[in-house]
Amino acid sequence: MTVKNILIEGLGWVGAVLLLAGFALTSYGFLEGVSFEFQLLNLLGSGLLAVYTYIKKAYPNTVLNIIWIAISVAAIINIFI
């Protein structure tokens with residue numbers, strides 16, 4: 001496995017961990033679903049997974065993550081307005 005492949009796989013794993021962390025922290029009451037922290041975890045996690053799935057040519061998942069990014073960005077904007 002090349003360094004490039006390791007970095008690409010790392011993107012996917014870190015993205016997945018961020019999304020799961022946000023979900024778990026919200027599910028167990030450590031974060032609110034409308035909090036900036038939760039939305040930031042969603043934004044970063046889905047952003048990394050969007051890149052990863054695009055590289056892997058998993059386009060339906062790429063679209064899903066782009067939509068997830070858009071929802072997170074809109075929620076963050078809503079928090080600060």
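What counts, and at which threshold
- Residues numbered from 1 in each chain as written.
- Predicted model: local features only at pLDDT ≥ 70, side-chain atom pairs only at ≥ 80, totals over all residues.
- Heavy atoms only, no water.
- Salt bridge = Lys/Arg side-chain N within 4 Å of Asp/Glu carboxyl O.
- Helix = DSSP H or I, 4+ residues; strand = E, 2+ residues; numbered from the N terminus.
- Polar contact = N/O pair within 3.5 Å; in protein donor to acceptor, adjacent residues only side chain to side chain.
- Contact = heavy atoms within 4.5 Å.
- Phe/Tyr/Trp six-rings, centres within 6.5 Å; stacked < 30°, edge-to-face > 60°.
- Buried < 20%, exposed > 50% of the residue type's maximum accessible area, 1.4 Å probe, protein only.

Things to note about the pattern of salt bridges
The full count for this structure, using the stated rule, is one salt bridge. Ionic pairing is found between E9 and K56, a salt bridge with its closest N-O pair at 2.9 Å. Here E9, found in helix α1 (residues 3-27), pairs with K56, found in the loop between α2 (36-55) and α3 (59-80); they are 47 residues apart in sequence, far enough to count as distant.

So, the side chain of N42
Along the chain, the position of N42 falls in helix α2. Reaching out from N42, the side chain makes a polar contact with the side chain of W68 at a distance of 3.1 Å. Not counting chain neighbours up to four residues away, the residues in contact with N42 comprise L19, W68 and S72.

Remarks on unusual backbone geometry
A negative phi angle characterises most non-glycine residues, just as the trans form characterises most peptide bonds. Here K57, not a glycine, exhibits a phi torsion of approximately 60°, which is positive. One can find K57 in the loop between α2 and α3.

A look at the packing of aromatic side chains
Summed over the entire model, instances satisfying the criterion amount to two aromatic pairs. Plain terms: the ring middles of F36 and F80 are 5.5 Å apart, the flat faces sit at 70° to each other, and that makes the pair edge-to-face. Of the two residues, F36 sits in helix α2 while F80 sits in helix α3, which places them 44 residues apart along the sequence. The exposure class assigned to F36 is partly exposed, which follows from its relative accessible area of 32%.

With respect to the environment of E37
Mapping E37 onto the fold places it in helix α2. Separated by 19 residues in the primary sequence, E37 and L18 place their C-alpha atoms 11 Å from one another.

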